[in-house]
Amino acid sequence: MKEIKFTKLNLLIFLGVFFLGSLATIFVIRAYTFGLIRKLELEKAKATAEYIKVQALDDLAVKRFDKLQKEIELQIRAKLITEFILTDEEKRPFIYLALDPEGQLVRLYGALPPEKKLKEGISFDPKDYLFFFYSPLIIKDVTYGHLYLTFDLSRLRQLEGRTNFVLFLTYFIFFLIFFAVSSLINRRFHFEINRLIEFAKEFPRKKGETIALVTKFSETKDLALTLNWASLELKQAERDLIKEKRILEAIFATIEEAIFLLNEGFSLQMMNKLAKDLLSEIVNSTTTKEGKELLKGLFSEGKVLIYPELTVLTIDHLFEGLQESMGWEGKVKIGEKIYNLSFKKISIIEKEEFLLVLKDITEEVKAQEQFLYTEKIRTLVQLAAGVAHDLNNILAILFNHLNLLQLSNKVSEEVMERFKVMERSLVRAKYLSFQLLSLSKGGEIILESTNLEQVIKDVASFALAGTSVHFNLNVKVPVKNLECDPYALSQIFLNLMINSMQAQASLISIEIDKVTEGEKNFLKIIFSDDGPGIPPEILSKIFNPFFTTKKEGSGLGLFIVKTLVEKLGGQIEVESEIGKGTRFTISLPYKVWKGEDMEEVVKPLGRKLKILVVDDEDDLRESLAMILEELKHEVTTAENGEKALLTYLVESSKGEKFDLVITDFTMPGKLNGLDLIKTLKQYQADLQAILSTGYAEISEEVDWKSLGLISILRKPYTLNDLMSALSKVKI
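These numbers were taken from a predicted model, which means no experiment stands behind them.

Caption draft 1: Up close: the overall build of the protein chain. The helix and strand inventory of the protein chain stands at 18 helices and 25 strands. In the protein chain, which comprises 731 residues, the proportion classed as buried is 40%. Taking contacts inside the protein chain between residues at least 6 apart in sequence as the whole, the part at least 24 apart equals 64%.

Caption draft 2: Quick peek at the sheet that holds strand β22 (residues 634–638). Here five strands make up an open sheet; going across it, the order is β22-β21-β23-β24-β25 and the pairing parallel. Edge positions in the sheet fall to β22 and β25 (709–714), since each has one partner strand and no second. The sheet shows a mean angle of 20 degrees between the axes of neighbouring strands, direction not considered. As judged from the four bridges shared by strand β21 (residues 610–614) and strand β23 (residues 660–664), these two strands associate in the parallel manner. Bridging from a neighbouring strand, V613 pairs with I662 of β23.

Caption draft 3: Representation of the nonpolar core. Counting residues in hydrophobic clusters, the biggest one holds 42 residues, and the most contacted among them are L452 and M497. When residues of this core are traced back to their parent elements, those giving at least two are α10 (452–463), β16 (482–484), α11 (486–502), β17 (507–517), β18 (520–529), α13 (557–567), β19 (571–577) and β20 (581–589). Excluding its chain neighbours within four sequence positions, the residues that come into contact with L452 are V479, L482, L489, F493, I512, L523 and I525. By size, the runner-up hydrophobic cluster in this structure holds 28 residues, among which are A258, L262, L318 and W328.

Caption draft 4: Spatial organisation of the packing of aromatic side chains. Applying the stated criterion across every chain yields a total of 11 aromatic pairs. Ring centres 4.9 Å apart and planes at 35 degrees place the aromatic pair Y134 and Y148 in the tilted group. Taken together, the residues span a long stretch of sequence, with Y134 in strand β5 (residues 130–139) and Y148 in strand β6 (residues 142–152) at a distance of 14 residues. Y148 matches Y134 in its accessibility class, with the two residues each being buried. With a centroid separation of 5.5 Å and an interplanar angle of 80 degrees, the aromatic rings of F319 and F343 are classed as edge-to-face. Placement of the pair is F319 in helix α7 (residues 315–324) and F343 in strand β12 (residues 337–348), with a sequence separation of 24 residues. For F319, a relative accessible area of 23% translates into the label partly exposed. Joined through ring pairs, the aromatic side chains of F266, F299, F319, F343 and F354 make up one cluster. The positively charged end of K119 is found above the aromatic ring belonging to F132, 4.1 Å away from the centroid. Over the ring of F658 we find K610; its NZ or CZ atom is 4.9 Å from the centre of that ring.

Caption draft 5: Representation of the pairing of β6. Across seven bridges, the pairing between strand β1 (residues 81–88) and β6 is antiparallel. Within β6, the residue paired with I81 across the bridge is F151. Relative to β6, β5 runs antiparallel, the two sharing 10 bridges. What sits directly across from F133, in β6, is L149. Hairpin connection, β5 to β6: the antiparallel pair is bridged by two residues, and K140 has positive phi, about 50 degrees.

Caption draft 6: Broad picture of the sheet that holds β18. If you trace the five strands from one edge of the open sheet to the other, you get β15-β17-β18-β20-β19, paired in mixed fashion. Every interior strand has two partners, whereas the edge strands, β15 (470–475) and β19, have only one. In this sheet, adjacent strand axes meet at a mean angle of 15 degrees when their direction is disregarded. Relative to β20, β19 is paired through seven bridges, and the arrangement is antiparallel. Bridge pairing in β20 links E573 to T585. α10 contacts β15, β17 and β18 of the sheet and is inclined by roughly 180 degrees relative to β15. On top of the sheet, α13 reaches β19 and β20; it is set at about 140 degrees to β19, its chief contact.

Caption draft 7: Summary view of the pattern of salt bridges. The full count for this structure, using the stated rule, is 19 salt bridges. Between K337 and D360 there is a salt bridge; the shortest N-O distance is 3.6 Å. With K337 in strand β12 and D360 in strand β13 (residues 351–360), the pair connects residues that are 23 residues apart, well separated along the chain. One salt-bridge network, in which partners are shared between bridges, spans E73, R77 and R107.

Caption draft 8: Geometry of the environment of Y144. Residue placement: Y144 occurs in strand β6. Distance in space between the C-alpha atoms of Y144 and K91 is 9.7 Å, their sequence separation being 53 residues. If we ignore the near neighbours within four places in the chain, the residues touching Y144 are L60, T87, D88, E89, L137 and I139.

Caption draft 9: Layout of the pairing of β5. β5 sits mainly inside the fold: seven of its 10 residues count as buried. Alignment of strand β4 (residues 123–125) against β5, held across three bridges, turns out to be antiparallel. The residue bridging S123 from the neighbouring strand is F132, located in β5. Between the antiparallel neighbours β4 and β5 lie four residues, among them Y129 with a positive phi of about 55 degrees.

Caption draft 10: Here's a closer look at the side chain of Q69. Note on placement: Q69 falls in helix α2 (residues 66–77). A distance of 2.6 Å separates a polar atom in the side chain of Q69 from a polar atom in the side chain of Y109. Not counting the four nearest positions on each side in its chain, Q69 is found in contact with I95, L97, R107 and Y109.

Caption draft 11: Broad picture of a nonpolar patch on the surface. A contiguous nonpolar surface patch, about 540 Å² in accessible area, is contributed by F165, V166, L169, I173, I177 and V181. Its relative accessible area of 44% is what places I173 among the partly exposed residues.

Caption draft 12: Fine view of helix α18 (residues 719–726). For α18, the buried fraction is high: six of the eight residues fall into the buried class. Along α18, the positions that sit buried rather than exposed are L719, L722, M723, S724, A725 and L726.

Rules behind the numbers
Residues numbered from 1 in each chain as written. Predicted model: local features only at pLDDT ≥ 70, side-chain atom pairs only at ≥ 80, totals over all residues. Heavy atoms only, no water. Helix = DSSP H or I, 4+ residues; strand = E, 2+ residues; numbered from the N terminus. Buried < 20%, exposed > 50% of the residue type's maximum accessible area, 1.4 Å probe, protein only. Contact = heavy atoms within 4.5 Å. Pairing = 2+ DSSP bridges. Axes fitted to C-alpha atoms, helices over the stretch in contact; angles between N-to-C directions. Core = buried A, V, L, I, M, F, W, Y, C linked by side-chain atoms within 4.5 Å. Phe/Tyr/Trp six-rings, centres within 6.5 Å; stacked < 30°, edge-to-face > 60°. Lys NZ or Arg CZ within 6 Å of the ring centre and 35° of its normal. Salt bridge = Lys/Arg side-chain N within 4 Å of Asp/Glu carboxyl O. Polar contact = N/O pair within 3.5 Å; in protein donor to acceptor, adjacent residues only side chain to side chain. Patch = residues over 30% accessible without salt bridge, like charges linked within 9 Å, V, L, I, M, F, W, Y side chains within 5 Å. Areas by Shrake-Rupley, 256 points an atom, 1.4 Å probe, with all protein chains shown as cover.

Put into structure tokens, the structure is as follows:
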């Protein structure tokens, strides 16, 4: 006879389905039967209520209730009716009949028990098994009273209770049968399973062996076959794992990151070649730990710092990162190098271990910091250019109004001297403005006749005023008519003097001489002080932007000096000795100005000019116009390039001709100063122009003569500067 195999699960499912199905069927039948019985009882009670209603109508008609009362009392004693209330049309009680808690009949005429409320409507209370009936007593649309009845259906609850007990008993018997059969099945099943478990426990020592077992269940038979297959496969997998381990070890050793495998105590379990090299490079010099505790020593001794905050990263921080997220990742600094650190949890077989990866990103971080540093300087340059432009416009307005006062014939000589003091103060303010301008692309060099000796004296007078610093100037060659930029020179010497004063120097000396290299002549300017000197370790950094050792320093002074010297085509070198002072050697091209020599004071023109003044600053435009009018010239103004062009065309249509246009360079609209001059030159080839600007934006490649430019006035300018520019107008 063929052996029948069945599963434990199938048996249990069959018994369970049979048990639950039978139980569900019984409960469905119970629910349907009780629902039907309840419906019939409610219909019976309702029919009784309708009968009582008819009787009540008859008694109300004759105002006699003896017969009805007797019949109701019989039903109340039989506990078919719990309560009977009859009222008049105003709901005032006629009769109240009910049983008290002791089973005595209660009769009330013309009154109701205290706190008794009349309940209208027809409803069933499933909690107390009470059926409430209410109906108005109406004959031919006339209401004679109201009927309230309460029926006690508690016998239904007793019937349900007895039925539930029978069902529970049936359920319990079914459960005992199910439990007994299940126990027999489990006993045999566990016997077979235990045999298979014992065989499975021997896997580590008996890989490749099989088990022979007579089974009654398909699960255990399949499990036995599976274990036999697994035993054979485990042997083969062991061979494959040994092969893969050797391959992974070779790959692990070639990864370009330092990888450390750690246990819960943060001791080293495994690391690749790069990790070993890293430890040999940084650990021996930073920690006293040895062996498996090498990496732990770095953290416990506070040698691992979070970058760029440079706060100590501890092992606790790493494990907190595991609790809050998938791990801890970030930049750290160990020794002089910066690493990207990743710390994650990995599960290996039955224990948790941790993977810590370090990647050297020192060069990458330095490149990024250099980029941010460059962006910082670029932002500063843009800010400095804007501030310098606005400051120059404000100073230009002050200069213009001061110039107007100086032109007045009503001012006494004493007051005029005060004006000259004010003018010198404004000139000093020009130096501050140009210091900002020197940081930006707007600080381009404009070569003109320069008295280097006077520039140095003016700067020294401004910078050293009110100090105890002594100043010596030794000029060995003519420097009163050089081709150079006086504003750039003033900033070079101003920043050098400020640097010496901040270093607590008591003596500043400047020596100027000429040297020849090949066919070229150079100015050799030696600026020295007797300050404390600059330490050798920072001497090479002093020209870097934002580098400073002083609390009040900005780190930009010497950077501006070097920038301007190089823009002038020169070089600067520094020597210093601790306790003996510092010496700057500046080399600049030595060229004599070949243009027209300027007198100390320029006299007004002896002729009247028709001048067009263009500037978007209202106060500046109008004050310049007032100065020119005071100088006996005819002036027309415009606030931008487009309006200036329109004004010119209108005047030209009247046959009027302008001798000169003085225009700002940077203006809102489509036409800047140079574009306006080029456009006007198309209508009047001999038109001459003066460019006024708060920047020094004009490139050396611009052909001034072809544009009719006779001069460039850098804001703010003095009356002497303006008159000098006007003196170049050719009629």
